[in-house]
Amino acid sequence: MELFKNFKDFKMDVLKEVGNIGAGNAATALSQLLNKPIDMAVPKVQLLSFEEITDKVGGAEELVYAVFLRVEGEAPGNLFFILTPEAASNLLSRIAGIEVSGGDELSEMELSALSEIGNILAGSYLSSLADFTSLTMYPTVPALAMDMAGAILGYGLLQFGQMGDDALLIDTTFLEGQNEIEGQFFLIPDPESFPKIFKALGVPFDND
């Protein structure tokens, strides 16, 4: 985390701009998919240690829905789009216009729609980061699961080995009238990927 502590404000502004452009692209893509206007608030962007991620979603035992994608290309890593069950239901009913069954778990159609929304968000944010850095980065086909947050993050570790120690968090908020529906998007680059991303952004990795 020493690198992050030494970030200049303008360097954080670059990452915030990535989030802003990604949110705009995601809103446009979702509007086209759903054939209705989609509003998204300006996202909050933070850099976190890996250990802080589960705290941000309510703790390791918090039940969540998560869309998981592997990032491939010049700066590989892992992507997670995480929602509480309540937020997932509200997103589908209020934003996507899908009548949610109301049971403890989402139906196959509801899960498919949630996966597609997560895929669009991930692709939009990833494209923004790739454009800023001029690095080739692309997502794999998404997987969706409902489980405890700690178990879902552990799945990424089991599937792809040790992830990096740090993560980029983009708080994503959909607006529907006076209602806000929040989700959290985490990019966890592999350990060797952060130096490439920072270098491409003009940030020396060994920042004094």
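- Where an unreviewed UniProt entry is consulted, the chain appears under the name Chemotaxis protein CheC, with the organism given as Paenibacillus silagei.

A closer look at the overall build of the chain
- A count of helices and strands for the chain gives 7 helices and 8 strands.
- Relative to its full complement of 208 residues, the chain shows a buried share of 49%.
- In the chain, 73% of the contacts between residues at least 6 apart in sequence involve partners at least 24 apart.

Here's the deal with the pairing of strand β8 (residues 179-189)
- Judged by how many residues are buried, β8 sits mostly within the fold: 8 of 11 residues are covered.
- As consecutive antiparallel partners, strand β7 (residues 166-176) and β8 are separated by 2 residues, and within that stretch Gly177 has a phi angle of approximately 65 degrees, a positive value.

Digging into the UniProt feature "domain: CheC-like protein" (unreviewed entry) in the chain
- Per the UniProt entry, the sites bearing "domain: CheC-like protein" (unreviewed entry) are residues 12-45 and 109-144 in this numbering.
- In this annotation, residues 12-45 is assigned 68% helix and 12% strand; the end-to-end C-alpha distance for the span is 8 Å.

Topic: the packing of aromatic side chains
- Tallied over the entire structure, the rule returns 2 aromatic pairs.
- Here Phe68 and Phe80 contribute two aromatic rings whose centre-to-centre distance is 4.9 Å and whose plane-to-plane angle is 50 degrees, an arrangement assigned as tilted. Pair noted here: Phe68 is in strand β3 (residues 63-73) and Phe80 is in strand β4 (residues 77-83), with a separation of 12 residues, a long-range link. The residues Phe68 and Phe80 share a single accessibility class, namely buried.
- On the basis of an interplanar angle of 45 degrees and a centroid distance of 4.7 Å, the ring pair of Tyr125 and Phe185 is categorised as tilted. One end of the pair, Tyr125, is in helix α5 (residues 108-133); the other, Phe185, is in strand β8, and 60 residues separate them in sequence.
- For Phe185, a relative accessible area of 3% translates into the label buried.

So, α5
- Under the 1.5 Å per step criterion, the end-to-end length of α5 is 37 Å for 26 residues, consistent within 8% with the ideal 38 Å.
- Once α5 ends, the next one or two residues include Ser134, with phi positive near 60 degrees.

Details of the environment of Pro43
- Its place among the elements puts Pro43 in the loop between β1 (39-40) and β2 (44-49).
- Overall, the relative accessible area of 9% leaves Pro43 in the buried class.
- On a C-alpha basis, the gap between Pro43 and Gly22 in space is 9.3 Å, while along the polypeptide they are 21 residues apart.
- Among all residues touching Pro43, those that are not within four sequence positions of it are Gly19, Asn20, Ala23, Ile170 and Asp171.

Description of the pattern of salt bridges
- Taken as a whole and judged by the stated rule, the model has 1 salt bridge.
- Of the charged contacts, one joins Asp190 and Arg70 as a salt bridge, the two residues approaching to 2.6 Å between their closest N and O atoms. Note that Asp190 is positioned in the loop between β8 and α7 (193-200) and Arg70 in strand β3, a separation of 120 residues in sequence.
- With relative accessibility at 8%, the residue Asp190 sits in the buried group.
- According to the relative accessible area criterion, Arg70 is buried, its value standing at 11%.

Topic: the environment of Glu192
- Relative to the assigned elements, Glu192 resides in the loop between β8 and α7.
- When its relative accessible area of 43% is taken as the criterion, Glu192 is described as partly exposed.
- Measuring from C-alpha to C-alpha, the distance between Glu192 and Pro76 comes to 8.5 Å, with 116 residues separating the pair along the chain.

A few points about the side chain of Ser124
- Along the polypeptide, Ser124 turns up in helix α5.
- At 3.4 Å, the side chain of Ser124 and the backbone nitrogen of Ala26 are in polar contact.
- With near-sequence residues (within four places) excluded, Ser124 lies in contact with Gly22, Asn25 and Ala26.

Rules behind the numbers
Residues numbered from 1 in each chain as written. Predicted model: local features only at pLDDT ≥ 70, side-chain atom pairs only at ≥ 80, totals over all residues. Heavy atoms only, no water. Helix = DSSP H or I, 4+ residues; strand = E, 2+ residues; numbered from the N terminus. Buried < 20%, exposed > 50% of the residue type's maximum accessible area, 1.4 Å probe, protein only. Contact = heavy atoms within 4.5 Å. Pairing = 2+ DSSP bridges. UniProt positions renumbered as here; feature names shortened; annotations may be inferred. Phe/Tyr/Trp six-rings, centres within 6.5 Å; stacked < 30°, edge-to-face > 60°. Expected span 1.5 Å × (residues − 1). Salt bridge = Lys/Arg side-chain N within 4 Å of Asp/Glu carboxyl O. Polar contact = N/O pair within 3.5 Å; in protein donor to acceptor, adjacent residues only side chain to side chain.

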